[in-house]
Structure formats: structure tokens, C-alpha cells
Amino acid sequence: MERHRRLALRTGHSMPALGLGTWQLTHDAVPVLEDALRLGYRMIDTSCDYRTQAAVGEAIRASEIDRSDLFVVTKVEENDDAYEATRRNLRELGLEYADLVLIHRPPPGGEVGTDLWTGLMRARRDGLTRDIGVSNYSTAQIESLVTKACEVPVVNQIEWSPFGWSSDMLDYCTLRGIVVQACCPLTRATRLDDDVLVALAAEYGRTPAQILLRWDVQLGVAPVPRAAQHAHLLENLAVLDFELSGAHMEELEELNEHYSALGSLPYV
Ligand SMILES: NC(=O)c1ccc[n+]([C@@H]2O[C@H](COP(=O)([O-])OP(=O)(O)OC[C@H]3O[C@@H](n4cnc5c(N)ncnc54)[C@H](OP(=O)(O)O)[C@@H]3O)[C@@H](O)[C@H]2O)c1
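An account of the accompanying structure is given in this report. (Residues numbered from 1 in each chain as written. Predicted model: local features only at pLDDT ≥ 70, side-chain atom pairs only at ≥ 80, totals over all residues. Heavy atoms only, no water.)

1. Section: the overall build of the protein chain
Scanning the protein chain from terminus to terminus reveals ten helices and ten strands. A globule of 268 residues ought to have a C-alpha radius of gyration of about 18 Å, and the protein chain, at 18 Å, matches this closely. Each of the three principal axes of the protein chain carries a C-alpha extent, and together these read 50 × 40 × 30 Å. Out of the 268 residues belonging to the protein chain, those deemed buried represent 55%. In the protein chain, the proportion of contacts linking residues at least 24 apart, taken out of those at least 6 apart, comes to 74%. Carbon and sulfur atoms make up 47% of the accessible area of the protein chain, which amounts to about 11400 Å² in all. Positive and negative side-chain charges in the protein chain, numbering 25 and 40 respectively, have mean positions lying 7 Å apart. (Helix = DSSP H or I, 4+ residues; strand = E, 2+ residues; numbered from the N terminus. Rg over C-alpha atoms; globule rule 2.2 N^0.38 Å. Buried < 20%, exposed > 50% of the residue type's maximum accessible area, 1.4 Å probe, protein only. Contact = heavy atoms within 4.5 Å. Areas by Shrake-Rupley, 256 points an atom, 1.4 Å probe, with all protein chains shown as cover. Lys, Arg positive; Asp, Glu negative; His and termini not counted. Charge placed at Lys NZ, Arg CZ, Asp CG, Glu CD.)

2. Quick word on the environment of S166
Tracing the sequence through the fold places S166 in the loop between β8 (155-159) and α6 (167-176). Expressed as a C-alpha distance, the spacing of S166 and H258, which sit 92 residues apart in the sequence, is 8.0 Å. Within polar-contact distance, the side chain of S166 engages the backbone nitrogen of D168 at 3.3 Å. (Polar contact = N/O pair within 3.5 Å; in protein donor to acceptor, adjacent residues only side chain to side chain.)

3. Concerning the nonpolar core
Within the largest apolar cluster, 91 residues are counted, with the highest numbers of intra-cluster contacts made by M15, L33, V155, W160, I211, L233 and L252. Among the elements that take part in this core, helix α1 (residues 29-39) stands out by supplying seven residues, more than any other. If we ignore the near neighbours within four places in the chain, the residues touching I211 are L197, L200, A201, Y204, R206, F242, L244 and L252. (Core = buried A, V, L, I, M, F, W, Y, C linked by side-chain atoms within 4.5 Å.)

4. Quick notes on the site of the ligand
Neighbouring the ligand are 29 residues, the closest being D45, Q157, R188, R226 and H232. Note that a nitrogen atom of the ligand is positioned 3.3 Å from one of the side-chain N or O atoms of Y50. When the ligand is considered free in solution it has 910 Å² of accessible area, and contact with the protein chains removes 89% of it. Take the shell around the ligand: its biggest share by element is three residues, from helix α9 (residues 230-237). Residues that form the shell around the ligand fall into these classes: 14 nonpolar, ten polar and five charged. (Near = heavy atom within 4 Å. Nonpolar A, V, L, I, M, F, W, Y, C, P; charged D, E, K, R; others polar.)

5. Digging into the state of the cysteines
For the structure on display, the rule yields zero disulfides. Cysteine C48 is unpaired, with the sulfur of C183 as its nearest cysteine sulfur at 15 Å. Looking at the unpaired C150, the closest cysteine sulfur is the one in C173, lying at 19 Å. Assessed through its relative accessible area of 68%, C150 is described here as exposed. (Disulfide = S-S within 2.5 Å.)

6. A closer look at the pattern of salt bridges
Pairing is possible between side chains that carry opposite charge, provided their charged atoms lie close to one another. All chains considered together, the criterion is met by eleven salt bridges. Of the charged contacts, one joins D80 and R88 as a salt bridge, the two residues approaching to 3.3 Å between their closest N and O atoms. Residue classification places R88 among the partly exposed residues on the basis of a relative accessible area of 36%. Overlapping salt bridges, with partners in common, bring together E77, E78 and R105 in one network. (Salt bridge = Lys/Arg side-chain N within 4 Å of Asp/Glu carboxyl O.)

7. A closer look at the packing of aromatic side chains
Applying the stated criterion across every chain yields a total of five aromatic pairs. A centroid spacing of 5.5 Å and a plane angle of 75 degrees characterise the contact between W165 and W215, whose relative ring orientation is edge-to-face. Within this pair, whereas W165 is found in the loop between β8 and α6, its partner W215 is found in helix α8 (residues 208-219), the two being separated by 50 residues in sequence. Pairwise contacts between aromatic rings join W160, W165, W215 and Y267 into one cluster. Positioned above the aromatic ring of W23 is the side chain of R188, whose terminal nitrogen or guanidinium carbon lies 3.6 Å from the ring centre. A cation sits over an aromatic face here: R191 above Y259, 4.9 Å from the ring centre. (Phe/Tyr/Trp six-rings, centres within 6.5 Å; stacked < 30°, edge-to-face > 60°. Lys NZ or Arg CZ within 6 Å of the ring centre and 35° of its normal.)

8. Examining the pairing of strand β5 (residues 71-76)
Judged by how many residues are buried, β5 sits mostly within the fold: six of six residues are covered. The alternating pattern of β5 places F71, V73 and K75 and V72, T74 and V76 on opposite faces, both of which are buried. Pairing of strand β4 (residues 43-45) with β5 involves three bridges; the strand directions are parallel. Bridging from a neighbouring strand, I44 pairs with V72 of β5. Since β4 and β5 lie parallel, the crossover through helix α2 (residues 53-63) that links them has a hand, and here it is right-handed. (Pairing = 2+ DSSP bridges. Right-handed = clockwise from strand over helix to strand, strands pointing away.)

Pasting the structure below:
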């Protein structure tokens, strides 16, 4: 079924093509997460600093969905001991393992997180996570990490939308076999009234949010939109069953102005 579409990771594992973000999902998080799992979401993105890990674990246990059918992404911070932080995250989640642990952002001062990576490799070796990756890394930072750690991350999670993206990053990740995971894929709802988006939504009988997410899916990018409202959860999941034309994909690509809802794109 289309809604169970998955992306292959270099390690032989696979990841759902779309997931649920949980930043700021602190109010009534458990019912929202339970609703999402009931609707069919199978990938959840969290982090120790989102304060949603306990709720994610609680909703997963209440769902009684087989753990192997779920894909849980969490993150370690740049000043963490990555191994210990992964163990702490798992304790908060109440899970035995994560599917993917990311370095949340490169450490300051030109470091690329070699020690963090080593800690994550150990966590993976000990079965605490299936895969490891990075977030908010530029292509140069990934390349430097690859040189030092002799391993390519499976994912780079970065802010990504037609208003702010990079063909260089996409080409690089395709070449290296890295999946781009799109955070803030809905621009934190700041650009949903864009004229081009609204016109395309009308043409396809969809919503602007669905056009944004479908653009990701067709690029092979995995968005993790956050939604607290049931209607939004439903709407966002229903993007795996329609297709944008090549001309409309290009029209969306041309909206790029390196826009960032977070302040700046760390990879441009
Ligand atoms: N790695 C990183 O550094 C990093 C940074 C930022 C975010 N992230 C991850 O990426 C996830 C997504 O980013 P985000 O939460 O910042 O923002 P986002 O997903 O771009 O936008 C969320 C906003 O869009 C609204 N929304 C959701 N679906 C909608 C729809 N169909 N129509 C209209 N509005 C809709 C939500 O409203 P309701 O909640 O009211 O439904 C919410 O206000 C985060 O939750 C987090 O997991 C990672």
C-alpha cells in the first residue's frame, strides 16, 4: 500500500517515506501520538530537548504495534557523550533500541563531531540503535566526518522546503547514498499562503501543506511534519497517493530563496 512506502538506507534497513515531527508537541502529546499511530504513521522524530520522548514511548506501548513496524528517530546534542546520551534517550523513551540516532548539529568551532560519531558507533554495536546519522550538516561537514570516521551517515536531517533547499546537497546525498530527512517541511506554517502553492493546491484539489510534502516525497526526501490537529495528521499522511507533474515539481523548485523558518539554513 502506498502509505507504507519506504526508503532504502545504505545499511540494508529501510525507513518510512514520511513521519511525524514532535518538536513542541508537548501539550497533550500522548493522545496526538496515539491518534497518529492509529492513522498509520510509523516513523516518529524526537530528541531529548523536545521533551516528548516519554510521550512517544507511552503512545508506542499503548498502540501495541509491533516494535519492528515502527521507526523511531532521536538525537544527541553536540556537547553530549553520545553513547551515554543514547542510553538516556532510550530510558526516557522506554524502548530497548532506536532505529536511528542523529548528531543534532555539528559542534561549534569547526569540529565535525568525530567523538560523537565514535560514541554512536559504539551504541550501534551494542544494539542501542540500528542506524546512525547527522542533522544540520553541510556537505563539507559530512565529507570531513566521512574522512575522519571512515563511515558515511545514513541520513542528514535538515530544514527543507521548496522555499529553502539545495540541489548541491541533494546531488551530494544521492551520490553518497544519504537520505535527506526534511525538518520544518511545512515552513512552520509560515508560507502556506504562497500564491504558487495555493494555485497548485487548487489545481490538484489538495492543500498547500500536501503540495509541500508531496514535493519532498517525489524528490526522495523524507519529511517529518509536525501536526497536533487530527485533520492535519490525516491530511499529511494522504500525500502518498497522488503525483505532481514534472513541470509542477520544477515550478516548486523555482520557489527556492534559501528561506528558513529557523533563521538560516546551516547547509547553504
Ligand atoms: N534536526 C533539527 O534541528 C530540527 C529542527 C526543527 C525541527 N525538527 C523536526 O522536524 C519536525 C517538523 O518541523 P516543525 O515542527 O518545526 O514544523 P513544521 O512541521 O514545518 O510545521 C508545523 C506546523 O504546521 C502546522 N500544520 C501541520 N500540518 C498542517 C496542514 N496539513 N495544514 C496546515 N498546517 C499544518 C502545525 O499545526 P498543528 O500542530 O496545529 O496541527 C504546526 O503549526 C519537528 O517537529 C522536529 O521533529 C528538527
